[in-house]
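Listed below are the residues making up each chain.
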Amino acid sequence: MDLQNLRLVDHHVHGAMKEPLDRAGFEKLITESDRPVPPWMSTFDSQLGFAVRKYCAPLLGLEPHASPDDYLAARSRQDANRIFLGAAGVSDYLVDTGHLADSLTDVGELAKLSGCRTHEVVRLEAELEYVATQESTAAAVPDALVRRLEERTAGAVGLKSIVAYRYGFDFDPAEPSPADVLSALDRWYATGAKRVADPVLLRWLLWTGARRGLPLQLHAGLGDTDLQLHKVNPALLTEWLRLVEPLGTQVVLLHCYPYHREAGYLAHVFPHVHLDLGLTTMYVGARAAAVLAEGLELAPFAKLLYSSDAWGPAELHYLGATVWRRAVTSVLGSFVDQGDWSPDDAARGATMWGRDNAVRLYRLS
Amino acid sequence: MDLQNLRLVDHHVHGAMKEPLDRAGFEKLITESDRPVPPWMSTFDSQLGFAVRKYCAPLLGLEPHASPDDYLAARSRQDANRIFLGAAGVSDYLVDTGHLADSLTDVGELAKLSGCRTHEVVRLEAELEYVATQESTAAAVPDALVRRLEERTAGAVGLKSIVAYRYGFDFDPAEPSPADVLSALDRWYATGAKRVADPVLLRWLLWTGARRGLPLQLHAGLGDTDLQLHKVNPALLTEWLRLVEPLGTQVVLLHCYPYHREAGYLAHVFPHVHLDLGLTTMYVGARAAAVLAEGLELAPFAKLLYSSDAWGPAELHYLGATVWRRAVTSVLGSFVDQGDWSPDDAARGATMWGRDNAVRLYRLS
Amino acid sequence: MDLQNLRLVDHHVHGAMKEPLDRAGFEKLITESDRPVPPWMSTFDSQLGFAVRKYCAPLLGLEPHASPDDYLAARSRQDANRIFLGAAGVSDYLVDTGHLADSLTDVGELAKLSGCRTHEVVRLEAELEYVATQESTAAAVPDALVRRLEERTAGAVGLKSIVAYRYGFDFDPAEPSPADVLSALDRWYATGAKRVADPVLLRWLLWTGARRGLPLQLHAGLGDTDLQLHKVNPALLTEWLRLVEPLGTQVVLLHCYPYHREAGYLAHVFPHVHLDLGLTTMYVGARAAAVLAEGLELAPFAKLLYSSDAWGPAELHYLGATVWRRAVTSVLGSFVDQGDWSPDDAARGATMWGRDNAVRLYRLS
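Only a predicted model underlies this, so the values are computations on that prediction, with no experimental measurement involved. (Residues numbered from 1 in each chain as written. Chains lettered and ligands numbered in written order. Predicted model: local features only at pLDDT ≥ 70, side-chain atom pairs only at ≥ 80, totals over all residues. Heavy atoms only, no water.)

Draft legend 1. Spatial organisation of the overall build of chain A. Across its full length, chain A carries 16 helices and eight strands. Here chain A has a C-alpha radius of gyration of 20 Å; the compact-globule value for 365 residues is 21 Å, and the two agree. Seen through its principal axes, chain A has C-alpha atoms that stretch 60 × 50 × 40 Å. A total of 365 residues make up chain A; the buried ones form 66% of that total. Pairs at least 24 residues apart make up 76% of the contacts formed inside chain A by residues separated by at least 6 positions. For chain A, the accessible area works out to roughly 12,000 Å², and carbon and sulfur atoms hold 50% of it. With 35 positive and 46 negative side-chain charges, chain A shows a separation of 2 Å between the mean positions of the two kinds. (Helix = DSSP H or I, 4+ residues; strand = E, 2+ residues; numbered from the N terminus. Rg over C-alpha atoms; globule rule 2.2 N^0.38 Å. Buried < 20%, exposed > 50% of the residue type's maximum accessible area, 1.4 Å probe, protein only. Contact = heavy atoms within 4.5 Å. Areas by Shrake-Rupley, 256 points an atom, 1.4 Å probe, with all protein chains shown as cover. Lys, Arg positive; Asp, Glu negative; His and termini not counted. Charge placed at Lys NZ, Arg CZ, Asp CG, Glu CD.)

As C-alpha cells, this is what we get:
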C-alpha cells in the first residue's frame with residue numbers, strides 16, 4: 001500500500017512560525033510542556049525529537065539522525081517553512097485561528113506558503129472573549145455572541161472548543177438557562193478577567209456552538225500543564241453527547257491520547273461522534289503505528305480523521321503527515337499480511353481516514 | 001499450536017436470530033450502537049464487519065472479503081444458524097436468558113441448532129422486574145425475590161448483573177439495610193416503572209445474588225449508549241469486591257474493554273475474581289491478538305474465561321470462537337517464539353482459558 | 001544492541017528473603033496478592049511464574065521451563081540469594097527500608113550478598129509512625145518529625161511515600177495548615193492507631209517530604225488489595241504536582257501500570273516528574289516489551305528510570321533486571337529496525353534509562 005500520493009486533509013492545524021529559531025527556541029516548540037526545559041535534558045531526546053532528526057533532516061540535505069546542532073544549523077540556512085509545508089502532501093488545511101500569535105502565519109499566509117486550500121475553524125472561547133471586549137454590559141453578551149458567531153462562521157467550516165483546558169469534561173451537561181448564563185456573565189464581568197473559565201459560560205458556549213450546525217471540534221486528551229489529564233477523558237462527555245445528539249451537530253474529538261480507545265467507543269455507539277489522533281501521532285513517533293492501531297479497534301472507519309495539530313515549526317506540519325502515512329501503512333499492511341483485511345479494503349480505509357471522511361464531514365468539495 | 005480441536009466453553013452468550021435478515025437488519029446487529037446507522041456509513045466498515053466478510057463468507061461458499069451485498073445474498077439462500085453454530089467448535093453454551101427476544105432462539109432451540117450442551121445464566125434485574133409484576137405490594141418483594149431466585153437457579157449455573165447499564169459501578173458498596181430496601185421498593189412501586197434503576201435496589205440485587213453462591217457475572221466495559229464507559233471500569237468495584245469476598249462467591253467480569261488491564265489486576269489480587277474479553281474479541285477483529293495480550297499481563301491464567309457474548313446473527317457465535325482461536329494462537333505462539341513460554345505451557349494455557357477454567361468454575365462436568 | 005554489560009542502577013528495591021522457601025511460601029511471594037492462593041490454582045501459572053521457570057531455572061542448573069517442583073527442589077539445595085543477586089548486573093541498589101521484615105536482608109546484608117553499592121530511601125509514613133511511638137503528645141510531633149527526617153535523610157538518597165496505599169491520590173493537594181495538622185494528629189493519637197491513614201497527615205507528610213529537597217518517590221498504580229487502582233492513577237496528582245513544582249523537588253512515579261501512559265504524560269509536561277515501570281516489568285513477563293514501549297511514548301528519555309521493586313526471593317532482583325534488559329533490547333531494537341532510531345541513539349537511550357538518569361537524579365557519583 002502506497003500512501004505517498006494520498007493528498008491528506010489536515011482537519012485541525014495552526015500556523016507555521018515565521019521567525020528563525022535557534023536551538024533553545026526550537027526545543028521549546030517540540031514539546032507540549034509550557035515550562036522551561038531543564039538544563040540537564042534536551043527535548044530532542046524524545047520520540048518527536050528523534051522523528052525530526054530522522055524524517056526532517058534529509059529534506060535539509062542532512063543524513064537521517066543528524067545531530068540537533070547540525071540540524072538547527074542547516075535549518076537556519078534554508079526556508080524551512082516552504083520546504084516542509086511543500087513536502088507534507090496535504091491538499092487542505094483546516095486552521096484553528098483561536099491560538100494565533102504574531103509570530104505565526106495566518107490563514108492566508110499558510111495558504112500561500114503551502115500552496116494548499118485553507119479553511120477556517122473558529123474557536124468558541126476566543127469569540128466569547130472578543131465579544132466581552134466589545135460589550136460594556138454583560139446583558140448584551142448573549143445576543144452579541146450569536147451575531148458574532150454568525151459573522152465568523154459565515155466562511156468557516158467548523159467550530160472548536162477548548163473546554164478541556166478551561167475546566168475539563170466533568171461539567172453539568174445540561175444547557176444552562178438564560179438566567180444562569182446572565183448570572184455567570186455578571187460574575188465574569190465583575191472579576192474583570194479576560195479569560196473565560198466559568199463552567200456555566202463554557203458549557204453555554206458548547207451548547208451555543210452545537211446549535212450553529214457546523215462540526216464542533218473538542219480538544220480531548222493530552223495537552224500542556226494547564227489541563228488535568230483524567231478530566232479530559234472523552235468518556236466524561238457521554239451525557240452531554242446524548243443531550244446534543246438531537247441537534248444533529250457532528251462532534252469531533254481531537255488528539256484523545258491516552259483515551260483514544262474511549263473515543264473510539266464513543267464514535268462506535270454515537271452516530272454524531274468522530275475522532276482523530278492528531279498531535280498524538282507525531283508526538284509518539286516510533287510508536288505511532290501501535291497507538292493508531294488502538295484507535296482502529298472500535299471506531300467505525302467512517303469516523304476517523306487525520307490531523308497534525310501542528311503549531312510552530314513547519315516540521316510539525318510535515319511530520320504529522322509523514323508519521324501518519326508510515327504508521328497507517330504499517331498497521332493496515334499488517335492487517336493485510338495476517339489475512340484479516342483485503343488490500344483493497346486497506347487502501348479504501350486509509351483514504352477514508354486521511355481524506356474522504358473530512359471532505360464529507362466539512363463539505364469541502 | 002493448533003486450537004481447532006479445542007472444544008470451547010462459551011460461558012456467556014445469548015440466542016441466535018431466528019428470522020431472515022436483510023442488509024439493513026444485519027447492519028444493525030453488527031454494531032453495539034442502538035442508534036440508526038447514518039446513511040453516509042456502513043457498519044460493515046468496521047473490524048467486526050471485515051471479520052464477517054473474511055471468516056464467515058467462506059462458510060457460505062464465497063471468497064474471503066466478499067462484498068456485503070454478495071454476503072447477504074448468499075446468506076439469504078442458506079441456513080446461516082445451522083452453518084455457523086455448527087462450525088463454532090463449542091461444546092457448551094452458558095446462556096444469559098435475561099435479554100431474550102421473540103426473534104431469538106431460546107435455550108432449548110440453541111441446543112438443538114448447535115448440537116451443544118446449554119446451561120442457563122439467570123439475570124438478576126430481570127428477575128426482580130418479574131417479581132414486581134407478580135407482587136401487588138412492595139413489602140412482599142424481598143421474600144418473593146429470594147423464592148424466585150431459588151426456583152430460577154435450581155437448574156442454572158450462574159447469575160448475571162447489568163448494574164453497569166442501570167447505574168454504573170460507582171455505587172455504595174455496602175449491603176443495604178432491609179429498611180433501605182423497603183423504602184427503595186416503595187419509591188419504585190410509586191413510580192410505576194417496570195425498569196429497575198434505583199442504586200439501592202441494584203446493589204441489593206447484587207448482594208442477594210452474591211449470597212446465592214453461584215458464580216456471578218457482571219457486565220463491565222463496552223456496551224451501548226445506555227452506559228457511561230468510565231463508570232463501568234471494574235476498578236470501581238474494588239471495595240464491593242472486598243466486602244463480598246467472605247461470602248465465597250466467584251465474581252466474573254465480562255468484556256471489560258478498555259479496562260481489561262484493570263480487570264486483570266483485580267483477578268490478580270482477589271482470589272474470587274475472574275474475567276473474559278468476550279464481545280471485545282470479535283469487535284476488535286484484526287486487533288484481537290493485541291487486545292487479548294493485554295488481558296494476559298496480570299491475570300493469573302486460571303482466571304481467564306472465553307465467551308462470545310453473541311446476540312443475534314449466528315455469525316457472532318462463530319466469530320467469537322474463530323477470532324479468539326486465531327488471536328490466542330498468535331499471542332501464545334509469539335510468547336513461544338520469543339522463548340518466554342514453552343510450547344507445552346502455551347497449549348495448557350490455551351486449554352485453561354478456552355475450556356478448563358469454565359468447567360471448574362461452573363462445575364460443568 | 002547488547003545490554004548485558006550495562007550495570008543498572010536499581011533505584012527502588014527491597015531486601016532479599018533470608019530464609020529457605022518451600023513451594024507454598026514461594027508461591028505467596030510471586031504474586032502481589034496478599035490473600036491465600038486458592039487450592040485450584042498456582043501462582044506459577046502467571047507471566048511472572050513462567051519467567052521464573054524460564055530465566056531463573058538455568059542459573060540453578062535446570063532446563064528452561066523446569067516444573068515448579070523441580071525448581072523449588074533445586075533452589076533448596078543452593079544459595080539462591082548469592083546466585084541471583086550475583087547475576088543481576090546491578091551496580092547500585094536504592095533500598096526502601098520502610099517495608100522491612102526480620103526475614104529480609106537489611107541494607108548492609110544486601111550490599112554484602114550482592115557486592116553492590118547500596119543507598120537508603122526513607123519511607124515517610126514509617127518515620128511518622130516511629131515518631132508517634134516516641135512522642136507522648138501530638139503537639140510534639142511536627143518538630144520531632146522534622147528532626148527525625150533530618151537525621152534519617154543525612155545519609156539517604158531519597159524519600160518514598162505510600163499515600164497510594166493509605167488513601168489514594170484524590171486528596172486535597174494544598175499544604176495543610178499547622179492547625180489542621182495538629183487537629184489531625186490529635187484525632188490520630190486519640191484513636192491509638194499505629195497506622196497513619198488520615199488524609200491530612202498523609203498530605204502533610206508529602207509536603208514535609210517535598211520540602212526536604214531529596215527526590216521523592218511515590219508508589220503509583222498496581223499493588224495489593226489494599227489500594228483502589230483507579231485512585232492511584234498518577235494523573236490525579238496533577239494539581240499537587242503544580243503546587244510543589246516551585247520547591248524544586250524531583251518527584252518519581254513508581255510502577256504506574258496500567259497508568260504508565262498518564263505517568264509518561266506528566267513526565268513530559270512537568271520538568272520535575274520522572275517515572276519507572278518497576279514491578280510492572282517483571283510481573284508482565286512475556287509482555288514486558290509491549291508495556292515498556294507504552295512508557296516510551298510521551299516520556300522524555302531523560303525522565304525514565306529502572307527499578308525491580310523486588311521484595312523477597314532474590315529471583316525478583318534478578319528478573320527485574322533480566323526482563324528489563326530483554327524488553328528494552330526488543331523495543332529499542334524494533335525502533336532501529338523500522339528506521340526510526342539510530343543504533344547509537346538506541347544504545348544511548350538504554351543507558352540513560354538503566355543507569356545515567358538515576359546517577360544524575362540521586363547524585364550517586
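Draft legend 2. Region of interest: the interface of chain B and chain C. Counting residues at the interface gives 36 residues for chain B and 36 residues for chain C. Between chain B and chain C, the buried area comes to about 3,100 Å², and carbon and sulfur atoms account for 55% of it. The largest per-residue losses of area from chain B upon contact with chain C belong to Arg-261, Tyr-265 and Glu-297 of chain B, which jointly make up 20% of the total buried on that side. Seen at the junction of chain B and chain C, the total is six salt bridges. Between Arg-261 of chain B and Glu-294 of chain C there is a salt bridge, with the nearest N and O atoms lying 2.8 Å from each other. (Buried area = accessible area lost by both parts, 1.4 Å probe. Salt bridge = Lys/Arg side-chain N within 4 Å of Asp/Glu carboxyl O.)

Draft legend 3. Broad picture of the relation of the copies chain C and chain A. For these two chains of identical sequence, chain C goes onto chain A by a turn of 120° and a shift of 0.0 Å along the axis, with RMSD 0.0 Å. Read as a symmetry element, the transformation amounts to a three-fold axis. Taking C-alpha positions as the reference, the residue of chain C nearest the rotation axis is Ala-290 of chain C, at 5.5 Å. Little of the interface of chain C is mirrored in chain A, where only 3% of its interface residues again form contacts. (Least-squares fit on C-alpha atoms with pLDDT ≥ 70 in both.)

Draft legend 4. Inspection of the sheet that holds strand 3 (residues 117–123) of chain B at higher detail. Residues and elements named next belong to chain B. The strand order across the open sheet formed by eight strands is 1-2-3-4-5-6-7-8, and the pairing between neighbours is parallel. Of all strands in the sheet, those bounded by a partner on one side alone are strand 1 (8–13) and strand 8 (304–305). As paired elements, strand 2 (residues 90–96) and strand 3 share five bridges and run parallel to each other. Its bridge partner lying in strand 3, Val-95 is registered against Glu-120. (Pairing = 2+ DSSP bridges.)

Draft legend 5. A look at unusual backbone geometry. Residue and element names in this part refer to chain A. Between Tyr-257 and the following residue, Pro-258, the backbone shows a cis peptide bond with an omega angle of 0°. Turning to its location among the elements, Pro-258 is positioned in the loop between strand 6 (251–255) and helix 12 (260–269). Even without being glycine, His-255 reaches a positive phi, approximately 75°. Overall, His-255 belongs to the buried group, its relative accessible area being 0%.

Draft legend 6. Representation of the nonpolar core. Counting 380 residues, the largest nonpolar core has Trp-240 of chain A, Trp-240 of chain B together with Trp-240 of chain C as its most contacted members. Apart from residues lying up to four places away in sequence, Trp-240 of chain A is in contact with Phe-171, Pro-173, Leu-206, Trp-207, Leu-216, Leu-218 and Val-251 of chain A. (Core = buried A, V, L, I, M, F, W, Y, C linked by side-chain atoms within 4.5 Å.)

Draft legend 7. Up close: the relation of the copies chain B and chain C. Superposition of chain B onto chain C requires a rotation of 120° combined with a translation of 0.0 Å along the rotation axis, giving an RMSD of 0.0 Å. Interface overlap between copies: only 3% of the residues of chain B at the interface are likewise at the interface in chain C, consistent with a contact formed by different surfaces.

Draft legend 8. Structural view of the packing of aromatic side chains. Counted according to the given criterion, the structure contains 30 aromatic pairs over all chains. With centroids separated by 6.0 Å and ring planes inclined at 50°, the aromatic side chains of Phe-26 of chain B and Tyr-71 of chain B adopt a geometry described as tilted. With Phe-26 of chain B in helix 1 (residues 23–29) and Tyr-71 of chain B in helix 3 (residues 68–76), this pair connects stretches of sequence that are 45 residues apart. This pair shows no difference in class: Phe-26 of chain B is buried, exactly as Tyr-71 of chain B is. Judged by centre distance (4.6 Å) and plane angle (75°), the ring pair of Trp-341 of chain B and Phe-50 of chain C falls under edge-to-face. Pair noted here: Trp-341 of chain B is in the loop between helix 15 (314–337) and helix 16 (343–362) and Phe-50 of chain C is in helix 2 (residues 47–56), and the two residues belong to different chains. (Phe/Tyr/Trp six-rings, centres within 6.5 Å; stacked < 30°, edge-to-face > 60°.)

Worth remembering: the numbers are spatial, not functional.
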